Amino acid sequence: MLVACFVLPLAGAVAFGAASSVTARFGAGSDEVPSWTEDVRPILSEHCFACHGPDPEARASGLRLDTLDGMVAGSVLDLAAPEESELIYRVVTDVDFDHMPPPEAGRALLPEEVDVLRRWMESGAEWEPHWAYAPFAEEGETEDENGAAACIDDFVEAALARVDLALSSPAPPRDLLRRVYFDVIGLPPSADVIAAFEADPSEEAYAAHVDRLLASTEFGEHWARHWLDIARYADSHGYTIDGGRSIWPWRDWVVEAIAGDLPFDQFTIQQLAGDLLPDATRDSIIATGFHRNTQVNQEGGAKDEENRINAVIDRVATTGSVWLGSSVACAQCHTHKFDPITHTEYYQLFAFFNSTEDGGVSSEPSLLVPQSDGDTERAARWEGQLAAAEDAYAREWNAASEGWTLWQPERATGSNGPELRPEISGAYRVLGQSPVFSTYVLEGPAPGADRVASVRLEVLADGGPGRYGRNFVLQDVRVASRKVGETEWEAHGLASARSDFDQDTSATGGNHYPAASIASGEGPGWAVSPQLSQPHVIELVLDRAIDMKDRELRLELVQEFGDQHTIGAFRLGLAAEASERPPVTKEWIDAWTALKKVRDERPRMPSTLVMRERSVPRVTRRFERGSFLDQREEVSPGVPDAFDHFSDGAPMSTRLDLARWLVHPANALVHRVTVNRWWQQLFGTGLVPTENDFGLRGVRPTHPELLEWLARDFVEHGMSRRHTLRTMLLSRTYRQSPDPEETRREVDPKGTQLSWRAPRRLSGEVLRDSMLKASGLLDATVGGGPVQPPQPPGVFAFTQSRKKWEPSEGSARFRRSLYTRIWRSSPFPFFTTLDAPSPGFSCTRRTSSRSPLQALALANDPLVIELAKGMGDRLLAELPESAWVERAGAAYRLALGRPATAGEAELLAAHARRIADQRGDAAAAAALSRVVFNLYEFTHRP
């Protein structure tokens, strides 16, 4: 079958093998024409863009050098006489005042860099768009009769030929099989599987292994680990309290989606906006847990809105790096210094995520996750009852306040620390610090209320009536108004006040707290004990009505009784006349009682954090210098113009619109980022080494035509992860030897030119899973809540909230590492020692370090000791009467998939015999196993 390999000229990208310095390409005698994107812009980006780039606020002298129009407008180019151009003069002059960059910057251009600028102007100063943001190029077809994988090899071999290299010989069958097993499923093949492949190492046999691995659940588990890094997954909320959370059902959704080869467009859409799909299912809503992996601040006094905004900022940054491969976060405080992302465009992206129901200090909303058919029925029944009860409550609540205009001004504060969070219902929920006393101040215009003669305060049982379910004492209500634009407030008195219920404990030695005392100014104020489980209302009639034309209203709720007796949730209404209806209706109280009963009957089953859109979107404004305390003009949802070369210009308003835009077949940037990251997982480094920065400061692709072909092939095959990975795995490039000849190693010491495959150390998770498999203890159960393998004592000694780590009992402690519980404040130490990332941030690529601590962990960590003992017990059980040499050989087969050499077996046996003489066979077998677990061959994939 002939497979098209599209040779695509990716504008501005440099092919691998192009000389690493401009001197080599544009030296004496060279007639090569410099490219704007490849040669000129990197020079200007490094030396000039900070002061003459995209950011208008930082742009000096109004000169812009990141666009040709800016250069022309600034009159810095002279194509006819480059030597006389302002640009060349400024970078070569000896006059310090004129020289650019300024001498104090310490970044003068090299002579060869100046020559590039000169040659570029001499050639006509042709300008090109940045390669990453450009659409897919027109395709020119070549064909390879050997299939799609051979297309990869065609591109790589063409690049290698430019530096006089070629692909190395194939890896030995055993090395190749171990490599593909570790890369695809994160587990080693057994000795029997390796032996069978060594007997038949044909292309067909290898392809059959690849297909079987890619169709396995283990593939979903292993590649889910990469995605969990990206999603900053953890089983806790973060910050110093770091309370536990339940979001593991989302993790299980990821495993199932990857194992089932859910197309990447659906994989994206469901995670970013599965709740907004017209046919949303429980599974698609669970998928939205991706962006619920943000942290929740449960510390005392934490500000809900501040932390909610922090979560939205995190979501914008994560979306930018994961899908756009861009440092979008750099535009939070100002226009991006290098990439074409304006300050306003950042907040247009922000707006997509700014209207979800979750807050900054609470973990809701969550979704029930049934574990059986019976659970499914119970969950559906309860959710139906809850929806009906909520509708009935809202209906009766609004009926009780008929005739009143809802008032929810934006300016709402509480003295001494509490935060007044506006709710969709028009109410305020009081969060954060709970002071001894506080005055709530609300002020702003009153749209819909032309005249105000009466004020209604509803104190709600949902979050109240007092903070934390306590009583409250409202001592005074102060009303004032002013003309818009003025600074002085005009006070208005109260003529009367009435309520549905007044606290009166005078008969038992207490006080009477009547609503009337607020109007008269005599008495302790208004309170409602013992009726603390239902809503209450006080209505206040002003001594004179206020004409609200061009005026704004101010209300102060004074609560200075002490003992934290402050209101927990409330809603305000305004009326043109005093109401004659009862403040509270029986139907409203009954509806609240019924709703509370349903909530209290929530079925006991697992749940997971999910995204849920507000019925009323929030207004998004640009934050001046990134401060949410300084919000300026309103912005609407949108995407950066520089990235949007394909949409029809229709307005976008929801996360679903954004998700569909991201995975549109024509969104070449996203598809380049995606296939590059998968290449990185298999080869160690992406074709674009800066995998999370495809911008102007990122590294250009080493093999641009290959990257472009992979991205287009990915789209044309339905965005199938399985297809793209299979194509990579079947290529000769992937199957190269891990042991190159010396001359090749000299030219390509780390294999970055793809002329051979350098071994890589396994991650902590894969190492532990390999030990589990070798020991025979691996519990292959898929999915479920987190488990706790053994870890060293004292891990929580330096955290604010010291937690107990009781190792799981039975086989649960031997489940795959994917299921190990992750606390953000103290992640599992064996994994972090071996470079697992912090779960507080999105990680698109793990670093690989070498440290003495890693050697100590591999030798002495409790989990290594336990699993070495497990393999030792297995050796003794399977070879009870055998000599230590035979047991050493068996250990090699179990752990490495090959027999030990005579020398290896004897050396290991001698070690075991010495320990057996001192501490017995069980200790010797465990020690023998621990040595094998620390071999380079065990800890590295070939």
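In the nomenclature of an unreviewed UniProt entry, the chain is known as Planctomycete cytochrome C of Saltatorellus ferox.

Here we take up the nonpolar core. V180 and W250 are the most contacted members of the largest nonpolar core, which totals 140 residues. Sort the elements by how many residues they give to this core and helix α21 (residues 668-683) lands first, with nine residues. Looking at which domains feed residues into this core, each of domain 1 (18-123) and domain 2 (263-369 + 614-663) supplies at least three. Ignoring anything within four residues of it in the chain, the contact list for W250 reads W227, L228, A231, Y233, Q271, I286, A287, G289, F290, N293 and T608. One finds L762, A857, L876 and A900 within the second-largest nonpolar core, a separate group that totals 48 residues.

We now examine empty space enclosed by the protein. In total, this model carries two cavities of 30 Å³ or more according to the counting rule given. Space inside the largest cavity adds up to approximately 150 Å³. Forming the walls of the largest cavity are 17 residues, and the residues nearest its centre are R225, E765, I822, A836 and P837. Secondary-structure elements contributing two or more residues to the lining of the largest cavity are α11 (217-230) and α26 (829-833). With three residues, the top contributor of residues to the lining of the largest cavity is α11. Taken together, the residues of the lining of the largest cavity break down into 10 nonpolar, two polar and five charged.

Turning to the UniProt feature "domain: Cytochrome C Planctomycete-type" (unreviewed entry) in the chain, a few remarks are in order. Residues annotated by UniProt as "domain: Cytochrome C Planctomycete-type" (unreviewed entry) correspond here to residues 48-104. Between the C-alpha atoms that bound residues 48-104 the distance is 14 Å, and the span itself is 30% helix and 0% strand.

Now for the sheet that holds strand β11 (residues 490-492). With antiparallel pairing, five strands are arranged side by side in an open sheet as β5-β8-β16-β10-β11. Strands at the two margins of the open sheet, each flanked by one partner only, are β5 (411-414) and β11. Looking at each pair of strands side by side, their axes are set apart by 20 degrees on average, direction ignored.

It is worth spelling out the domain arrangement of the chain at this point. Size of an interface: often given as the accessible area lost when the parts come together. Annotation of the chain at the domain level lists domain 1 (18-123), domain 2 (263-369 + 614-663), domain 3 (403-582) and domain 4 (862-941). For domain 2 and domain 4, the distance between their C-alpha centres works out to 52 Å.

Now for the pattern of salt bridges. Between side chains of opposite charge, a pair can form as their charged atoms come close. Within this structure, the stated rule accounts for 67 salt bridges. Between E937 and R174 there is a salt bridge, with the nearest N and O atoms lying 2.5 Å from each other. One end of the pair, E937, is in helix α32 (residues 936-939); the other, R174, is in helix α8 (residues 173-185), with 763 residues separating them in the sequence. Overall, the relative accessible area of 24% leaves E937 in the partly exposed class. Between E490 and R544 there is a salt bridge whose closest N-O contact spans 2.4 Å. In this pair, E490 sits in strand β11 while R544 sits in strand β15 (residues 536-547), placing the two residues 54 residues apart along the sequence.

Those places that UniProt annotates as "domain: DUF1549" (unreviewed entry) correspond, in this numbering, to residues 152-357. End-to-end, the C-alpha atoms of residues 152-357 are 46 Å apart, and along that stretch the chain is 56% helix and 0% strand.

Another point: the side chain of R456. Tracing the backbone through its elements, the reader meets R456 in strand β9 (residues 451-459). Under the relative-accessibility criterion, R456 is labelled buried at 1%. Among the polar contacts made by the side chain of R456, one reaches the side chain of E458 at a distance of 2.7 Å. Among the polar contacts listed, one links the side chain of R456 to the side chain of E539, at a separation of 2.9 Å. Leave out the neighbours within four places in its chain, and R456 touches A400, S401, W404, V537, I538, E539, R571, L572, G573, P583 and W588.

This brings us to the packing of aromatic side chains. Under the criterion given, the structure shown has 38 aromatic pairs. Ring geometry for W131 versus F694: centroids 5.4 Å apart, planes at 45 degrees, classification tilted. Of this pair, W131 sits in the loop between α6 (111-122) and β2 (140-144) while F694 sits in the loop between α21 and α22 (704-716), placing them 563 residues apart in sequence. In this structure W131 comes out as buried when scored by relative accessible area, which is 1%.

Following both chains from N to C, one finds α8 and helix α10 (residues 203-214) inclined at 20 degrees, their axes separated by 10 Å at the closest point. For the element pair α8 / α10, the angle class is roughly parallel. At the point where α8 passes α10, the crossing takes the right-handed sense. Contact with α8, carried on its side by L176, L177, V180, Y181, V184 and I185, involves Y206, H209, V210, R212, L213 and L214 of α10 and no other residues of that element. Of the residues in the contact of α8 with α10, the class split is 10 nonpolar, one polar and one charged.

Turning next to the side chain of R735. Along the chain, R735 turns up in the loop between α23 (721-730) and α24 (742-747). In this structure the side chain of R735 is engaged in a polar contact, spanning 3.0 Å, whose partner is the backbone oxygen of L730.

Look at α6: 16 Å from first C-alpha to last across 12 residues, which is about the 16 Å you get at 1.5 Å a residue. The buried count for α6 comes to nine of 12 residues, which makes it a mostly enclosed element. Of all the residues in α6, the buried ones are E113, V114, D115, V116, L117, R118, R119, W120 and M121. Trailing α6 by a residue or two, G124 shows a phi angle of about 110 degrees, which is positive.

Calculation criteria
Residues numbered from 1 in each chain as written. Predicted model: local features only at pLDDT ≥ 70, side-chain atom pairs only at ≥ 80, totals over all residues. Heavy atoms only, no water. Core = buried A, V, L, I, M, F, W, Y, C linked by side-chain atoms within 4.5 Å. Buried < 20%, exposed > 50% of the residue type's maximum accessible area, 1.4 Å probe, protein only. Helix = DSSP H or I, 4+ residues; strand = E, 2+ residues; numbered from the N terminus. Domains from an automatic or database assignment. Contact = heavy atoms within 4.5 Å. 1 Å grid on protein atoms, 1.4 Å probe; cavity = no way out; pocket = protein on both sides within 12 Å on 5 of 7 lines; lining within 4 Å. Points joined across faces, edges and corners; volume = space filled by probe spheres on them. Nonpolar A, V, L, I, M, F, W, Y, C, P; charged D, E, K, R; others polar. UniProt positions renumbered as here; feature names shortened; annotations may be inferred. Pairing = 2+ DSSP bridges. Axes fitted to C-alpha atoms, helices over the stretch in contact; angles between N-to-C directions. Salt bridge = Lys/Arg side-chain N within 4 Å of Asp/Glu carboxyl O. Polar contact = N/O pair within 3.5 Å; in protein donor to acceptor, adjacent residues only side chain to side chain. Phe/Tyr/Trp six-rings, centres within 6.5 Å; stacked < 30°, edge-to-face > 60°. Parallel < 35°, antiparallel > 145°, perpendicular 65-115°, else oblique. Left-handed = near helix turned anticlockwise from the far one by under 90°. Expected span 1.5 Å × (residues − 1).

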